[in-house]
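Chain by chain, the residues run as shown.
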Amino acid sequence: MVYYRLEEQLLELKYTWKIARNSADTKINFFIRITDNLHEGIGEVAPNVRYDESKELIKLQFEALLDKGLSTIENLSSLANLFSQTQVCNSLKFGIESAFVHYCCKRDGISVFEYLNIQAPQSIFTAFSMPIMPSNELCSFYQEHNLKRFKHLKLKVNAQNAVEAFEEISKVAHQPIMVDGNETWQNPDEVLNFIKKINTKQQLLFIEQPMPANEIAAYNYLKPKSSVEIIADESVTNSADMSQLKQQFHGINMKLMKAGGYQKGIEILNAARANGLKTMIGCMVETSIGISSAMNLCANVDYIDLDGCLIIKNEPFGYVKEESGQLNYTQF
């Protein structure tokens with residue numbers, strides 16, 4: 001018999017985290033703990049308002065799963081079956097599934113790679129994401145935080161500031177830049193106009209989710225006309241249709257909090273590769289529990305954006321260490 005516990009924690013951020021649709025100075029995440037009083041597994045839940053996930057919903061759904069026999073689950077197949085019988089948001093699914101996997105690994109003395117039968121990654125170099133801020137503050141932010149040490153830079157933008165922000169940060173940043181719109185542009189011509197206006201196109205690595213995910217026809221129009229790669233983020237959850245996505249995008253950003261579990265995340269990455277799409281692993285604002293979990297799947301991934309724990313002032317675990325843009329972690 002195992003016991004599950006849900007813990008809530010307020011995370012303080014080092015600076016205001018602003019993207020096109022919202023901003024925050026703090027974040028509430030949850031941690032799932034599974035124990036048999038000898039071994040313990042931990043998983044993280046990072047609810048996202050974009051997908052109508054709230055802390056109240058997490059608590060209600062967790063209690064419902066306990067009532068339905070969560071503590072009696074003995075394997076991943078049974079866990080998936082339980083999830084299919086009740087409504088569970090993706091971030092909670094991942095928190096529970098990852099805690100279960102980590103518990104099993106501790107109990108059996110094996111690694112996550114062995115348990116999931118996947119390849120262990122080698123070097124993991126993360127991009128670093130810059131939030132939206134006044135354009136005249138970007139260069140000083142870049143220098144203050146010594147962002148030149150990262151292989152790639154991600155620039156969060158909105159439709160109004162995108163050109164100015166990109167030109168400004170290009171004055172000091174010399175690494176390739178990922179531009180992340182978080183669905184800010186409303187039509188493909190606006191996106192194409194942004195690409196046309198910037199002066200340092202060779203530095204633009206790709207544009208991530210420029211328009212709303214439901215604008216399927218607009219993405220079908222944009223992809224063949226764009227001179228830079230378009231990467232899906234919000235368009236990829238736990239039910240990604242790769243036959244459709246490959247018509248709209250050059251690659252996908254898989255986040256485990258959206259995928260709803262290790263197994264689903266692996267399935268999405270494999271399906272993307274099979275359809276000729278580039279792969280990326282990203283994150284929400286997460287502690288080193290969630291980030292190190294995502295690091296397990298980084299083998300043969302084209303782009304890595306796992307800086308979520310680096311912006312947390314009171315990061316409580318310390319499992320991930322970053323040096324010169326490279327991430328290393330301790331299995332917990």
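This text goes with the structure placed above it.
Before going into details, it helps to say that this report is about the structure given with it. (Residues numbered from 1 in each chain as written. Predicted model: local features only at pLDDT ≥ 70, side-chain atom pairs only at ≥ 80, totals over all residues. Heavy atoms only, no water.)

1. Side note on the packing of helix 7 (residues 188-197) against helix 8 (residues 216-225)
Okay, step 1: Look at helix 7 against helix 8: their axes get within 9 Å of each other, and the N-to-C directions meet at 25°. Relative to helix 8, the element helix 7 is oriented roughly parallel. Where helix 7 crosses over helix 8, the handedness of that crossing is right-handed. The segment helix 7 lies against helix 8, with Pro188, Asp189, Val191 and Leu192 engaging Ala218, Tyr221, Leu222 and Lys225. (Axes fitted to C-alpha atoms, helices over the stretch in contact; angles between N-to-C directions. Helix = DSSP H or I, 4+ residues; strand = E, 2+ residues; numbered from the N terminus. Parallel < 35°, antiparallel > 145°, perpendicular 65-115°, else oblique. Left-handed = near helix turned anticlockwise from the far one by under 90°. Contact = heavy atoms within 4.5 Å.)

2. Description of the environment of Ala165
Okay, step 1: Within the secondary structure, Ala165 sits in helix 6 (residues 162-169).
Okay, step 2: Here Ala165 falls in the buried class, since its relative accessible area comes to 1%.
Okay, step 3: Counting along the chain gives 102 residues from Ala165 to Glu267, while the straight-line C-alpha distance between them is 36 Å.
Okay, step 4: Setting aside anything within four residues of it in sequence, one finds Ala165 in contact with Ser135, Leu138 and Leu155. (Buried < 20%, exposed > 50% of the residue type's maximum accessible area, 1.4 Å probe, protein only.)

3. A word on the sheet that holds strand 11 (residues 303-304)
Okay, step 1: The strand order across the open sheet formed by eight strands is 4-5-6-7-8-9-10-11, and the pairing between neighbours is parallel. Two strands in the sheet have a free side with no partner beyond their single neighbour: strand 4 (128-130) and strand 11.
Okay, step 2: Pairing geometry for strand 8 (residues 229-232) and strand 9 (residues 251-254), over two bridges, is parallel. Among the inter-strand pairings, Ile231 is bridged to a residue of strand 9, identified as Gly251. (Pairing = 2+ DSSP bridges.)

4. Observations concerning the sheet that holds strand 2 (residues 23-35)
Okay, step 1: One open sheet accounts for three strands, arranged 1-2-3; its pairing is antiparallel. In this open sheet, the two edge strands, each paired with only one partner strand, are strand 1 (3-18) and strand 3 (40-45). Mean inter-strand twist for the sheet, computed between neighbouring axes without regard to direction, equals 25°.
Okay, step 2: Pairing between strand 2 and strand 3: six bridges, direction antiparallel. The partner of Phe30 across the bridge, within strand 3, is Val45.
Okay, step 3: Running over the sheet, helix 3 (residues 90-108) touches strand 1, strand 2 and strand 3 and is turned about 160° from strand 3.

5. Here's the deal with the pairing of strand 8
Okay, step 1: What you see with strand 8 is no split at all: Glu229 and Ile231 on one side and Ile230 and Ala232 on the other are buried throughout.
Okay, step 2: Bridge count between strand 7 (residues 204-208) and strand 8: three bridges; the pairing is parallel. Residue pairing in the sheet places Glu208 in a bridge with Ile231 of strand 8.
Okay, step 3: For the segment spanning strand 7, helix 8 and strand 8, crossover handedness is right-handed.
Okay, step 4: For the segment spanning strand 8, helix 9 (residues 242-248) and strand 9, crossover handedness is right-handed. (Right-handed = clockwise from strand over helix to strand, strands pointing away.)

6. Regarding the side chain of Ser91
Okay, step 1: Relative to the helices and strands, Ser91 is located in helix 3.
Okay, step 2: Assessed through its relative accessible area of 0%, Ser91 is described here as buried.
Okay, step 3: Ignoring anything within four residues of it in the chain, the contact list for Ser91 reads Glu44, Val45, Ala46, Pro47, Glu53, Ile58 and Met257.

7. Quick word on the environment of Glu56
Okay, step 1: Summarising the element assignment, Glu56 is placed in helix 1 (residues 55-67).
Okay, step 2: Separated by 19 residues in sequence, Glu56 and Asn75 place their C-alpha atoms 27 Å apart.

8. Looking at the pairing of strand 2
Okay, step 1: In the sheet, strand 1 pairs with strand 2 via twelve bridges, with the strands oriented antiparallel. Of the residues in strand 2, the one forming a bridge with Glu8 is Phe30.
Okay, step 2: Hairpin remark: strand 2 followed by strand 3, antiparallel, with four residues in the connecting loop; positive phi at Asn37, about 75°.

9. With respect to the packing of aromatic side chains
Aromatic ring pairs are described here by two measures, namely the spacing of the ring centres and the angle between the planes.
Okay, step 1: Per the counting criterion, the structure on display carries nine aromatic pairs.
Okay, step 2: Look at Phe94 and Tyr262: their rings are 5.6 Å apart centre to centre, the planes differ by 85°, and that puts the pair in the edge-to-face class. Placement of the pair is Phe94 in helix 3 and Tyr262 in helix 11 (residues 262-274), with a sequence separation of 168 residues. Like Phe94, the residue Tyr262 is buried in the burial classification.
Okay, step 3: Arranged with centres 5.9 Å apart and planes meeting at 10°, the rings of Phe317 and Tyr319 form a pair that is stacked.
Okay, step 4: Judged by its relative accessible area of 21%, Tyr319 falls in the partly exposed class.
Okay, step 5: Grouped by ring-pair contacts, the aromatic residues Phe31, Phe317 and Tyr319 constitute a single cluster. (Phe/Tyr/Trp six-rings, centres within 6.5 Å; stacked < 30°, edge-to-face > 60°.)

10. With respect to helix 8
Okay, step 1: Within the span of helix 8, buried status applies to Ala218, Tyr219 and Leu222. The buried residues of helix 8 occupy an angular sector of 95° when the element is viewed end-on, so they sit on one face. What points out from helix 8, more than 90 degrees from its buried face, is the exposed set Ala217 and Pro224. (Arc of directions from axis to C-beta.)

11. Describing the environment of Cys309
Okay, step 1: Mapped onto the secondary structure, Cys309 falls in the loop between strand 11 and strand 12 (320-323).
Okay, step 2: On the basis of relative accessibility, which here comes to 6%, the residue Cys309 falls in the buried class.
Okay, step 3: Remark: the alpha-carbon pair of Cys309 and Val320, spanning eleven residues in sequence, is separated by 8.1 Å.
Okay, step 4: Sequence-distant contacts of Cys309, defined by excluding residues within four places in its chain, comprise Glu286, Thr287, Ser288, Ile291, Glu315 and Val320.

Just geometry here; none of it tells us what the structure is for.
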